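# Commentary on secondary and tertiary structure
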Amino acid sequence: MLNGNLKLAIQKNGRLTQKSIQLLRTAGLEIEDYNDRLIISVQNFDMDIIYLRDDDIPEYVKDGVADIGIVGENVFYEKKADAEIIRKLGFGKCKFSLAVPESKEVKELNEFNGLRIATSYPNLLNDFLKKNNLNSIIVEISGSVETAPSLGIADAICDLVSTGNTLKLHKLKKSFDVFESEAVLIANKFIHKDEKKNNVFEELLFRIDSALKAKSSKYLMMNAPKSAIEKIKSVLPALKSPTILPLADESMVAVHAVIPSDKFWDILRNLKKVGASDILLLTIDNMIL
Ligand code: ATP
Ligand code: ZN
């Protein structure tokens, strides 16, 4: 599709697909359901979305088949493609970790010396081994890495882990974390040379930043005695001063504030202690600062 639109590559079918689309929709882009098509145009934005296997995304972005892409940091660093990370996106979080059979006792990293480690990410593992002066043997496997020890082809594995349930299922246990990963927005190094694409990209970045900011914040509303205002202010994180509104009962006020989502429960406990009541927490659709 040589229409001059910005081209974004995302994973066709996998763990990052829905969250990537969700982020783009929060950024105001109208995206149809893709129904197995390779490429679709965004209806209200000069951008096309290309659906690919995640392993191909760094290379396609580097070559300019796509201008930008969304991919896990693990894949990005594994492929060593000449492209740049522009934003961390806060989803697809996982750890790339060493794991051993439950029956094996491993206390020190140097106990991996001489062991065979199965992985689908040989470059990531190799970088780690080098950095730690380890001489383990890398056994490259493209899928189902966790079966390697029971098949006798490796002594340990290094794989992506989020809950650890898959490890347990295969009688393995995590021993050391090698790398923490999340989804990232990447771009090729020559995107700035195309003025039209670069403008669309800048607008996309602005919207993604607003969407990410909104996701990590919540809008908090409460009522409180006027006399508690100072105490309430001290409990709220000092991002911006809260909005204080008068109520019909003159001894009371309404307090509105934007807070970081992950601090909500701590803030709530403290607000109750200082006399706040009727506390409401709202999600924020978008936030332009
Ligand atoms: P594809 O068919 O596109 O090659 P895949 O099977 O290689 O897909 P997925 O399993 O869909 O990849 O994972 C995509 C990305 O999701 C991973 O590269 C990683 O960045 C992230 N991720 C988050 N949690 C996990 C997890 N528990 N296991 C594997 N990947 C995870
Ligand atoms: Zn893949």
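Residues numbered from 1 in each chain as written. Chains lettered and ligands numbered in written order. Predicted model: local features only at pLDDT ≥ 70, side-chain atom pairs only at ≥ 80, totals over all residues. Heavy atoms only, no water.

Take the packing of aromatic side chains next. By the definition in use, this model includes five aromatic pairs. When the ring of F96 is compared with that of Y121, the centres are 5.6 Å apart and the planes differ by 80°; the resulting orientation is edge-to-face. Here F96 is found in strand β6 (residues 94-101), whereas its partner Y121 is found in the loop between β7 (116-119) and α4 (122-131), with 25 residues between them in sequence. With relative accessibility at 0%, the residue F96 sits in the buried group. Look at F112 and F176: their rings are 6.3 Å apart centre to centre, the planes differ by 75°, and that puts the pair in the edge-to-face class. Residue F112 is located in the loop between β6 and β7, and its partner F176 is located in strand β10 (residues 172-181); the two are separated by 64 residues in the primary sequence. Each residue in the set F76, Y77 and F179 is aromatic and connected to the rest through ring pairs, giving one cluster. (Phe/Tyr/Trp six-rings, centres within 6.5 Å; stacked < 30°, edge-to-face > 60°. Helix = DSSP H or I, 4+ residues; strand = E, 2+ residues; numbered from the N terminus. Buried < 20%, exposed > 50% of the residue type's maximum accessible area, 1.4 Å probe, protein only.)

Here L212 lies in helix α7 (residues 195-215). Not counting the four nearest positions on each side in its chain, L212 is found in contact with L23, K88 and L89. (Contact = heavy atoms within 4.5 Å.)

To continue, consider the sheet that holds β10. Ordered by their spatial adjacency, five strands build an open sheet running β8-β7-β9-β6-β10, and the pairing between neighbours is mixed. Two strands lie at the open edges of the sheet, namely β8 (137-140) and β10, each paired on one side alone. Put simply, the sheet's adjacent strands are angled 30° from each other on average, direction ignored. Note: β7 against β8, four bridges, orientation parallel. Looking at the pairing, I117 lines up with I138 of β8. Across the face of the sheet, α4 comes into contact with β6, β7, β8, β9 (156-161) and β10 while running at roughly 170° to β8. (Pairing = 2+ DSSP bridges. Axes fitted to C-alpha atoms, helices over the stretch in contact; angles between N-to-C directions.)

With respect to spatial proximity, 16 residues lie near ligand 1, and among them Q11, R53, D55, N74 and S162 are the closest. Taking R15, its main chain carries an N or O atom lying 2.9 Å from an oxygen atom of ligand 1. In the environment of ligand 1, an oxygen atom lies 2.7 Å from a nitrogen or oxygen atom belonging to the side chain of N74. Protein burial of ligand 1: of its 630 Å² of free accessible surface, 78% is covered by the chains. Its residues assigned to classes, the shell around ligand 1 comprises five nonpolar, six polar and five charged. (Near = heavy atom within 4 Å. Polar contact = N/O pair within 3.5 Å; in protein donor to acceptor, adjacent residues only side chain to side chain. Areas by Shrake-Rupley, 256 points an atom, 1.4 Å probe, with all protein chains shown as cover. Nonpolar A, V, L, I, M, F, W, Y, C, P; charged D, E, K, R; others polar.)

Using the criterion set out here, one finds 17 salt bridges in the structure. Of the charged contacts, one joins D177 and K174 as a salt bridge, the two residues approaching to 3.1 Å between their closest N and O atoms. Accessibility expressed as a relative area gives 40% for K174, which makes it partly exposed. Sharing partners across several salt bridges, the network here consists of E59, K62 and D63. (Salt bridge = Lys/Arg side-chain N within 4 Å of Asp/Glu carboxyl O.)

A few words now on the nonpolar core. Membership of the largest hydrophobic core comes to 31 residues, with the highest contact counts inside it found for M47 and I49. Of the residues forming this core, the biggest block, seven residues, is contributed by α7. If we skip the residues at most four places from it in the chain, I49 touches L8, I10, L24, I31, L38, I39, I40 and V42. If you look at the next biggest cluster of nonpolar residues, it comprises 30 residues, including I50, I117, Y121 and C158. (Core = buried A, V, L, I, M, F, W, Y, C linked by side-chain atoms within 4.5 Å.)

Each assigned domain of the protein is listed here: domain 1 (6-92 + 183-214), domain 2 (94-180) and domain 3 (217-282). Spacing between the C-alpha centres of domain 1 and domain 3 amounts to 38 Å. (Domains from an automatic or database assignment.)

In this model, N133 sits at a positive phi of 50°, which is unusual for a non-glycine residue. Following the sequence through the fold, N133 ends up in the loop between α4 and β8. Among the residues examined, N133 registers a relative accessible area of 68% and is labelled exposed. If you check the backbone angles, D278 has positive phi at about 45° while not being a glycine.

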